[in-house]
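Each chain, letter by letter, is given below.
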Amino acid sequence: MMKLITLMACLVLATSAFAQEEKKPAPAPKVTYIKAGRLFDSVSDAYKTNMVIVVEGERIKSIAPAAQTQVPKDASVIDLSNATVLPGLIDCHTHLGSSGDRYAEIYAFKDSPFRGAFSGLMNSEKTLLAGFTSVRDVGSSPFLAVDLRNAINEGMFPGPRIVASGPYISMTGGHGDLNNYAPQVQVWMFPEERDFSIADGVDQIRHTVRAQLKYGVDVIKIGATGGVLSKGDSPGAPQYTEAELKAAADEAHMAGRRIAAHAHGAEGIKNAIRAGIDSIEHASLVDDEGIRLAKEHGTYFDMDIYNDDYILGKAIEHGLPQENVDKEKMVGRLQRENFEKAVKAGVKMAFGTDAGVYPHGDNAKQFFYMVKFGMTPAQAIKTATASSADLIDRGKSVGTLEAGKFADIIAVTGDPLKDVTALEKVDFVMKSGTVYKQGGKATF
Ligand code: ARG
């Protein structure tokens, strides 16, 4: 009886405490006024000058000319009147768990998945500080990118918004399989790791996509051709049939998710487009028919055209095997020419760099090549903001500077419409209304 009374008393107390809590008015969200000397909002192709962005809590409340904005006396003001202010950048092809310095084969045997997770933590910070407030991470051990996304969202450490895939889905012996070791060599952490990644035939593919969705991925990544940095396969050769790719695309779409396909070779690219894949990663050896099909289906190309510099330079110093160097020589230059062709033809383009092949934080080095190979600077910036937001299905919340969107805002000192390499040095970073970098220095 006594126990019951105590329990009831506790309940009454708990309820009244809860009721009191309810009555307290929520603290007013923090309001910040950002003075923008030059503003590129990724809606228009030109700057607006002397603007004020009002940030309330996590979101942009309004953007208006300074002359029409009342800034209260005691307001919190960020003065970027000598800078160019832009939307946070978006990289649709990263591998946050990899760092671009472990090319010698021995690391396949030495590194544990936990090391990848620690790299992911460091790389997330670097990415955010480079002005990339969102990334789509497309391939890591299960389920590193999902955990990274959750930890960042919970505020455990700074990093970009992550749209997370699971491990790369590959056919047996494909780009995502650890091929060319002796049959008795197993380097998977646990047997299931392989089950989340290697699938053959429509049924296994459906199962693998479903299993990945079960563990919280936002997006599916599958391989439609061989690769450069794998062993014993050819980047030009298709991997998976169109029917297999279609099964994966259908499963992803049924769950309301997007799907990206790695594809260098022309046949694999076309298989993937016809299968209903949303973005072709690399698209290096695309032919005219592939370009025509991409336009017809509205498929994005996500072409990592900076990578070649690093793979044929630093990566060799870091022990990249000759086979991979030779394969890169087959695709790298052609990829840049085909980028130009695709841009001219009006294929939808996203910004994806394959960061992790080269060190994270250097993502913006790709802008130089995008302009060299056919884009205007405004087009390149819109590709890395508005278009990339559309590809990752976040167009309603990020990608442009407009009232109602998340306050993901960066600033540079130079004039990126004149010299796009100004984006390689980002001085100011705000994500969701929180400042992470100011005056070129991290604020955490
Ligand atoms: N992850 C890709 C692969 O191994 C990298 C390709 C990089 N080369 C390039 N030119 N984009 O196939």
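Residues numbered from 1 in each chain as written. Predicted model: local features only at pLDDT ≥ 70, side-chain atom pairs only at ≥ 80, totals over all residues. Heavy atoms only, no water.

(A) Highlighting helix 14 (residues 377-391). Between the first and last C-alpha of helix 14 there are 20 Å, a value that for 15 residues agrees with the 21 Å anticipated at 1.5 Å per step. Of all bends in helix 14, the biggest is about 45 degrees, found at Thr383. Listed as buried for helix 14 are Pro377, Ala378, Ala380, Ile381, Thr383, Ala384, Thr385, Ser388, Ala389 and Leu391. (Helix = DSSP H or I, 4+ residues; strand = E, 2+ residues; numbered from the N terminus. Expected span 1.5 Å × (residues − 1). Bend = angle between axes of the 7 residues up to and from the residue. Buried < 20%, exposed > 50% of the residue type's maximum accessible area, 1.4 Å probe, protein only.)

(B) Inspection of unusual backbone geometry at higher detail. With an omega of -20 degrees, the peptide bond running from Pro142 to Phe143 counts as cis. A positive phi is found at Ala283, a non-glycine position, where the angle reads about 50 degrees. Its location among the elements puts Ala283 in the loop between strand 10 (279-282) and helix 9 (288-297). Positive phi, normally seen in glycine, also occurs at Asp354, with a value near 70 degrees. Tracing the chain through its elements places Asp354 in the loop between strand 12 (348-350) and helix 13 (366-372). For Asp354, a relative accessible area of 8% gives the class buried.

(C) Inspection of the packing of aromatic side chains at higher detail. Overall, the coordinates contain 10 aromatic pairs when judged by the stated rule. Ring geometry for Phe143 and Phe196: centres 4.9 Å apart, planes at 75 degrees, overall edge-to-face. Placement of Phe143 in the loop between strand 6 (132-137) and helix 4 (144-153) and of Phe196 in the loop between helix 5 (191-195) and helix 6 (201-214) is noted, with a sequence separation of 53 residues between them. By the burial criterion, Phe143 is buried, and Phe196 matches it. Note on Phe368 and Tyr369: the rings are 5.1 Å apart at their centroids and 85 degrees apart in plane angle, and the pair reads as edge-to-face. (Phe/Tyr/Trp six-rings, centres within 6.5 Å; stacked < 30°, edge-to-face > 60°.)

(D) Fine view of the sheet that holds strand 11 (residues 300-302). Pairing is parallel in the open sheet, where 5 strands are placed in the order 8-9-10-11-12. Strand pairing shows two members of the sheet lacking a second neighbour, strand 8 (219-223) and strand 12, which therefore form its edges. Put simply, the sheet's adjacent strands are angled 30 degrees from each other on average, direction ignored. As paired elements, strand 11 and strand 12 share 3 bridges and run parallel to each other. Residue pairing for strand 12: Phe301 is matched across the bridge by Met349. Sitting on the sheet, helix 7 (residues 242-254) touches strand 8 and strand 9 (258-263), and the angle it makes with strand 9 is about 155 degrees. (Pairing = 2+ DSSP bridges. Axes fitted to C-alpha atoms, helices over the stretch in contact; angles between N-to-C directions. Contact = heavy atoms within 4.5 Å.)

(E) Quick peek at the environment of Ile269. With respect to the helices, strands and loops of the structure, Ile269 is situated in helix 8 (residues 266-275). Look at Ile269 and you get buried, because its relative accessible area is 0%. Residues Ile269 and Phe132, 137 residues apart in the sequence, show an inter-C-alpha distance of 28 Å. The residues touching Ile269, leaving out its near neighbours within four places in the chain, are Thr225, Ala263, His264, Ile280, Ala283, Ser284, Leu285 and Val286.

(F) Geometry of the pairing of strand 9. Among the 6 residues that make up strand 9, 5 are buried, leaving the element largely enclosed by the rest of the structure. Here 5 bridges tie strand 8 to strand 9, and the two strands are oriented parallel to one another. Bridging across to strand 9, Val219 finds its partner in Arg258. Taken together, strand 8, helix 7 and strand 9 form a β-α-β motif whose crossover is right-handed. Where strand 9 lies against strand 10, 4 bridges are found, and the strand directions are parallel. Paired with Ala260 across the strands is Ser279, a residue of strand 10. Viewed along the sheet, the connection from strand 9 through helix 8 into strand 10 turns out right-handed. (Right-handed = clockwise from strand over helix to strand, strands pointing away.)

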